[in-house]
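Structural characterization, general
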Amino acid sequence: MMIPVIAYYVIFQYGPMYGAIIAFKDYSPMKGVMDSEWVGLAHFQSFFESYYFWRILKNTLILSLYSLCFEFPAPIILALLINEVRNKRFKSIVQSVTYMPHFISLIVICGIIKDFTNSGGLINTFITYLGGDGQAMLQKPELFRSIYIISDIWQGMGWTSIIYLAALMNVDQEQFEAARIDGAGRLRQIWNISIPGILPTIIIMLILRIGNLLSVGFEKIILLYNPAIYDTADVISTFVYRKGLLEFGWSYSAAVGLFNSVVNLILLVLANRLSKKFSENSLW
Amino acid sequence: MKTKKSGLERTFDICLYAVLSILVLITLYPLIFVAFASISDAAYVVAHKGVLWRPVGINFEAYKSVFGNKAIWSGYKNTLFIIVFGVILNLFMTSLGAYVLSRKNVMLNKPIMIFIIITMFFNGGLIPFYLIVKGVGLLDTLWAPIVPFAINTFNLIILRTSFQSIPESLEEAAKIDGANHFVILFRIILPLSMPIMAVMTLYYAVDKWNGWFYSSIFISDRDLFPLQLVIREILISNSTEGMSSGGSGNDLYQIGETIKYATIMVSTLPILMVYPYLQRYFVKGVMVGSIKG
């Protein structure tokens, strides 16, 4: 019974891992993976020495760190706020509305972003209304990161908050009772009871996040970016995509991809170890 | 608990409701804007540029163009194919795997689990994956977005956890009656797991509905484009020319704008309409997933 499942994993998950050896070869489609020439670390070397290396590494890291700093806390804050709402109706309205963008496809989201940020778009209208200058925002390298992060928060915040809301529901209600009797205000209760109560969940989510630090959502970047903003928008995965699939630099691109996977793995192991040491929460 | 609220409490509540209301508005307004713009007169929308509080000069031309576009229909058809066959395969493979791994007495259970979990944390990368799919001969078929994604490891683990909670005595009883593994899985385990299977179906179906990236690299035949790729051409690459018939350059540009909005509506409305009914199942899925953590 297990045969189809194992076959699937062998072919489509382990197959590519084996195929990754083309990163050490000069792959040519005519010869195939086996018979292509070995070139050792040449592709890695030329990648590390190239102008792109620092640019895409920097962009990837900055975008990841921004998303860690701004995107990660957003659903936690939202969950804490929703948890304080006593009016059931209002609560369910807030939840339903904030979950909604999660269900809109990425293509549509990016279509909307492009439309709203172009020079005559909705956002620019607001800016001109407030006395600023309208501009084609997706042509500005310095604005790309903000657009990326803000739209991500818009789309994902509500949905991710579900996990924290679930965790909040499991916090012992008697503690709130006791705190109230002791005269603790609402903010105090959030700070001293709610947040510690969901801390294990937060840490697990954080570890998972760090393990993916170098895999920023490249699908979205591919849909949004253009050569004018490669300086801030090009990340490792989009580079792999362009070099490999659009320019057919199979081996070079595979080397870059492999570099990405390895760094991710190292980060994950590190994050897990740190967390084990400091908080007794870990993935394994 | 009818104690009088202190001033501080009240301020807190006011701030809370204000912040959340603003949030609701920010989340909702872009969608409302698109809805209004899509049924507005093209010339007005282009001239108006900006905040719409109601449709201006109601006009359904854009929808006519969208529905008159053959690519949209074939996109819907291809997406439907991918969803139906994809989800069937997903459910079949995931429950097979989850069933075997949830049994305690299976040989090599642990190593197989490790073998599977490794794939969540490490992969060979995009290029080798592409070459495998190419090598298997799936390129430029509608199976390309289906077969290589037969199992989502995260879903497999969720399902396994759920199968584990089914009492073993049921299975033993069936065995005594001469049932083999397939009978046990399909006649006993799955019927008892309908709620979680519903969640799985939803998750997989939404993935298939929204997926575009792998279709875009695996499929180059335009007749096989799923809906999302068709929309991408209209929204991202800005090619609406083929859709509006006749008219001068300026007219084309104007109607092009509203066609974009109409396309968004046509491709998003189905999912937004069913979502309120499905929401609780999704939420349940997220919860199950998070408990495993």
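Residues numbered from 1 in each chain as written. Chains lettered and ligands numbered in written order. Predicted model: local features only at pLDDT ≥ 70, side-chain atom pairs only at ≥ 80, totals over all residues. Heavy atoms only, no water.

**Remarks on the overall build of chain B**
Assigned secondary structure in chain B consists of 13 helices and zero strands. Put simply, 73% of the contacts in chain B that link residues at least 6 apart link residues at least 24 apart. Accessible area of chain B: about 14500 Å², with a carbon and sulfur share of 67%. (Helix = DSSP H or I, 4+ residues; strand = E, 2+ residues; numbered from the N terminus. Contact = heavy atoms within 4.5 Å. Areas by Shrake-Rupley, 256 points an atom, 1.4 Å probe, with all protein chains shown as cover.)

**Structural notes on the UniProt feature "transmembrane region" (unreviewed entry) in chain B**
Residues and elements named next belong to chain B. As recorded in UniProt, the feature "transmembrane region" (unreviewed entry) lies at residues 12–39, 80–100, 112–131, 143–163, 184–206 and 259–278. The span residues 184–206 is 96% helical and 0% strand by assignment, and the distance between its end C-alpha atoms comes to 29 Å. Helix makes up 100% of residues 259–278 and strand 0%, whereas the separation of the span's terminal C-alpha atoms amounts to 29 Å. (UniProt positions renumbered as here; feature names shortened; annotations may be inferred.)

**Here's the deal with helix H5 (residues 73–84) of chain A**
Residues and elements named next belong to chain A. A rise of 1.5 Å per residue sets the reference length of H5, with its 12 residues, at 16 Å; its end C-alpha atoms lie 17 Å apart and thus fit the reference within 8%. The buried fraction of H5 is high, at nine of 12 residues. Along H5, the positions that sit buried rather than exposed are Ala74, Pro75, Ile76, Leu78, Ala79, Leu80, Ile82, Asn83 and Glu84. (Expected span 1.5 Å × (residues − 1). Buried < 20%, exposed > 50% of the residue type's maximum accessible area, 1.4 Å probe, protein only.)

**With respect to the confidence of the model for chain A**
Mean pLDDT over chain A stands at 87; residues scoring 70 or higher make up 99%. The least confident element of chain A is helix H2 (residues 32–35) of chain A, whose mean pLDDT is 77; the most confident is H5(A), at 94. (pLDDT = per-residue confidence, 0-100.)

**Description of the nonpolar core**
All names here are of chain A. Membership of the largest hydrophobic core comes to 177 residues, with the highest contact counts inside it found for Phe144 and Ile221. A total of 14 residues in this core trace back to one element, the largest contributor, which is helix H9 (residues 141–169). In this view, Ile221 contacts Leu63, Phe144, Tyr148, Val216, Ala233, Val235 and Thr238; residues no more than four positions away in its chain are not counted. (Core = buried A, V, L, I, M, F, W, Y, C linked by side-chain atoms within 4.5 Å.)

**So, the environment of Ala205(B)**
Residue and element names in this part refer to chain B. In this structure, Ala205 sits in helix H10 (residues 194–210). Along the sequence, Ala205 and Lys70 sit 135 residues apart, while their C-alpha atoms lie 24 Å from each other. If sequence neighbours within four positions are ignored, Ala205 has contacts with Ile83 and Val87.

**Quick notes on helix H4 (residues 51–71) of chain A**
Between the first and last C-alpha of H4(A) there are 30 Å, a value that for 21 residues agrees with the 30 Å anticipated at 1.5 Å per step. Within H4(A), the full set of buried residues consists of Phe53(A), Arg55(A), Ile56(A), Leu57(A), Asn59(A), Thr60(A), Leu63(A), Ser64(A), Ser67(A), Leu68(A) and Glu71(A).

**So, the pattern of salt bridges**
Residues and elements named next belong to chain A. One pass over the full model with this rule turns up 16 salt bridges over all chains. Notably, a salt bridge pairs Arg209 with Glu71, separated by 3.7 Å at the nearest N-O pair. Separated by 138 residues along the polypeptide, Arg209 in helix H11 (residues 186–211) and Glu71 in helix H4 bring together distant segments of the chain. When its relative accessible area of 28% is taken as the criterion, Arg209 is described as partly exposed. (Salt bridge = Lys/Arg side-chain N within 4 Å of Asp/Glu carboxyl O.)

**So, the packing of helix H4 (residues 70–102) of chain B against helix H12 (residues 227–235) of chain B**
Residue and element names in this part refer to chain B. Between H4 and H12, whose axes approach to 7 Å, the crossing angle comes to 150°. Classified by the interaxial angle, the pair formed by H4 and H12 is roughly antiparallel. Across the interface between the two elements, Ala71, Ile72, Gly75, Tyr76 and Thr79 of H4 pack against Leu227, Val230 and Ile234 of H12. Tallied by class, residues from the contact of H4 with H12 come to six nonpolar, two polar and no charged. (Axes fitted to C-alpha atoms, helices over the stretch in contact; angles between N-to-C directions. Parallel < 35°, antiparallel > 145°, perpendicular 65-115°, else oblique. Nonpolar A, V, L, I, M, F, W, Y, C, P; charged D, E, K, R; others polar.)

**Some points on the environment of Pro276(B)**
Looking at the secondary structure, you find Pro276(B) in helix H13 (residues 249–292). Sequence separation between Pro276(B) and Tyr99(B) is 177 residues; the distance between their C-alpha atoms is 31 Å.

**Side note on the packing of aromatic side chains**
Across all of its chains, the model carries 48 aromatic pairs over all chains by this definition. Consider the rings of Phe47(A) and Tyr252(A), whose centres lie 6.2 Å apart with planes at 80°: the pair is edge-to-face. On the criterion of sequence distance, the pair formed by Phe47(A) in helix H3 (residues 42–49) and Tyr252(A) in helix H15 (residues 250–279) is long-range, its members being 205 residues apart. With relative accessibility at 15%, the residue Tyr252(A) sits in the buried group. Through successive ring pairs, a cluster of aromatic residues spans Tyr27(A), Phe218(A), Tyr241(A), Phe248(A), Trp250(A), Phe129(B), Tyr130(B), Phe149(B), Trp212(B), Phe213(B), Tyr214(B) and Phe218(B). We note Lys25(A) situated over the ring of Trp38(A); from NZ or CZ to the ring centre the distance is 4.6 Å. (Phe/Tyr/Trp six-rings, centres within 6.5 Å; stacked < 30°, edge-to-face > 60°. Lys NZ or Arg CZ within 6 Å of the ring centre and 35° of its normal.)

**Details of a nonpolar patch on the surface**
Nonpolar side chains collect at one region of the surface, where Leu80(B), Val84(B), Phe85(B), Ile88(B) and Trp143(B) lie side by side and expose about 470 Å² of accessible area between them. Checked against the element boundaries, Trp143(B) lands in the loop between helix H6 (126–135) and helix H7 (153–164). (Patch = residues over 30% accessible without salt bridge, like charges linked within 9 Å, V, L, I, M, F, W, Y side chains within 5 Å.)

**With respect to the interface of chain B and chain A**
Of the residues lining the interface, 83 residues belong to chain B; the matching set on chain A comes to 79 residues. Roughly 7500 Å² of surface becomes buried between chain B and chain A when both sides are summed, with 80% attributable to carbon and sulfur atoms. For the pair chain B and chain A, the number of links is three salt bridges. For Glu9(B), the salt bridge goes to Arg186(A), with nearest N and O atoms at 3.5 Å. Where chain B meets chain A, there are 13 residue pairs in polar contact (both at pLDDT 80 or more). Its residues assigned to classes, the side of chain B that touches chain A comprises 61 nonpolar, 16 polar and six charged. (Buried area = accessible area lost by both parts, 1.4 Å probe. Polar contact = N/O pair within 3.5 Å; in protein donor to acceptor, adjacent residues only side chain to side chain.)

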